[in-house]
Amino acid sequence: MKKRDSFLSLAVPDISDEEINEVVDSLKSGWISVGPKVKQFEKEFAQYHEVKHAIATSSCTTAMFIAAKLLGIQRGDYVIVPTITWQSTANIVEQLDATPLFCDAEKDTLNIKVEDVEKYIKQYGSKIKAIIPVHVSGLPVDIDRFSGISEKYNIPILYDAAHAVFSSYKNKMVGQFGKMSCFSFYATKNITTGDGGMITTNDDELAEQCRIWSYHGLPKDSWKRYSEEGGSPHVQCVVPGYKFNLTDLQAAIGLAQLRRKEELIEKRNSLIQYYNELFSGLDYIQTPVFETEFGRWANHVYVITILDEKVNRDQFMNELRQLNIGTNLHFYPVHKNIYYLKKYPDVHLPNAEWLMNRILTLPLCTKYSKEDIKYVVESVKFVYEKLKTKNGVDNV
Ligand SMILES: Cc1ncc(COP(=O)(O)O)c(C=O)c1O
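Residues numbered from 1 in each chain as written. Predicted model: local features only at pLDDT ≥ 70, side-chain atom pairs only at ≥ 80, totals over all residues.

Colleague: Could you give me a rundown of the pairing of strand β9 (residues 197-201), with the residues and numbers involved?
Modeller: In terms of burial, β9 is a largely internal element, 5 of the 5 residues being buried. Neither face of β9 is left uncovered, since the one carrying Gly-197, Ile-199 and Thr-201 and the one carrying Met-198 and Thr-200 both have all their residues buried. In this structure, strand β1 (residues 53-57) lies alongside β9, joined through 5 bridges in antiparallel fashion. The partner of Ala-56 across the bridge, within β9, is Met-198. In terms of strand pairing, strand β8 (residues 180-184) meets β9 through 4 bridges, oriented antiparallel. Within the sheet, the bridge partner assigned to Phe-183 lies in β9 and is Met-198. (Buried ≥ 20, exposed ≤ 12 C-beta atoms within 10 Å, placed from the backbone. Helix = DSSP H or I, 4+ residues; strand = E, 2+ residues; numbered from the N terminus. Pairing = 2+ DSSP bridges.)

Here's what the structure looks like:
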């Protein structure tokens, strides 16, 4: 196997002249913090997700913190979360002095196991103050089922939609479901602002509170105070809020990325399809779920599962690195992280604990070519044959 010259990292941001020109425009305009572009980005994002309100934040993590706080989560409460997610889904629950109840994952979709959700509701009843499902890799969870659970038990749903900017459920964009949804625009997400997040909701009161809590507790942000259309600059805080806003420099990137969304979706999907094509017929690899009965979506990450348990996944990652390929894990179960393991040692989730040694995220981003993908797949096949033989000999 001939090693490629340059390192192929997991993903790189796709920044074109369009993004650069938008940022330059902001830099020249005099508005570089909360200004017209944040407002425009919020408006266009809300339109795209067909939801009444979109509130831009500094990250998905800060978005989820504010959203969870506004659902009233506090000391002594329980919140249902998946374990296959990024740490912040559970961290925000801990930060509010509440207890996360970790659910297992489905082995094929990697999404939260709904049976575990129902089991916890039977066990903890009204102490459960919210459920935070994650649309892992952008694959929507069964939203109708969660809406039913929410209605039946009167528990609000806050969707962690960090990966799901391009995702829809039964022809409706995911941002319009649940009490609120939170998105991420981190550097390698489907669309990026460098770092950034968005809360979407159809609830007028929650939207207003999200704005106030994410901007110093003030009922007016700087655009409303200082622009020509803003009126009086006098303002007093009404709650002890945070400073969690997005800036115009970031929103400028986001606006250009949103304009390019069709191009980005198409490119991403064509690379995923190519991956699937090249991997088809291999019995030792499970490829990610790409199409569902629920409709259109685009993988944020391409996660394969190495089904042959004789092959060590970490060795697999190291071998790929030797071939100049960067990989990652989406995700190492949160309940197995040092902090959570120490605090909740009795949590055992068999699917997630099996997946944590079997899954592997391969490079995927819209800057990569089919040639790059072909190299990755050929390397995976090469490494598998090498490790299979090696471990086979070791096992004798
Ligand atoms: C599922 C999930 N939730 C939340 C986050 C946090 O996003 P951010 O980095 O924008 O805070 C991430 C980040 O990758 C994520 O993958």
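Colleague: Provide a residue-level description of the site of the ligand, including the pertinent values.
Modeller: As a structural note, the neighbourhood of the ligand is formed by 14 residues, with Ser-59, Cys-60, Thr-61, Trp-86 and Ser-184 the closest of them. Those elements that place two or more of their residues in the shell around the ligand are α3 (60-70) and α4 (88-95). Tallied by class, the residues present in the shell around the ligand amount to 5 nonpolar, 8 polar and 1 charged. (Near = placed C-beta within 6 Å. Nonpolar A, V, L, I, M, F, W, Y, C, P; charged D, E, K, R; others polar.)

Colleague: Please give an account of the sheet that holds strand β12 (residues 359-362) that cites residues and values.
Modeller: Read across the open sheet, the 3 strands follow the order β10-β11-β12; overall the sheet is antiparallel. Edge strands, defined here as strands with exactly one partner in the open sheet, are β10 (285-286) and β12. Sheet topology note: the strand β11 (residues 302-306)/β12 ladder contains 4 bridges and is antiparallel. Looking across to β12, one finds that Val-303 is bridged to Thr-361.

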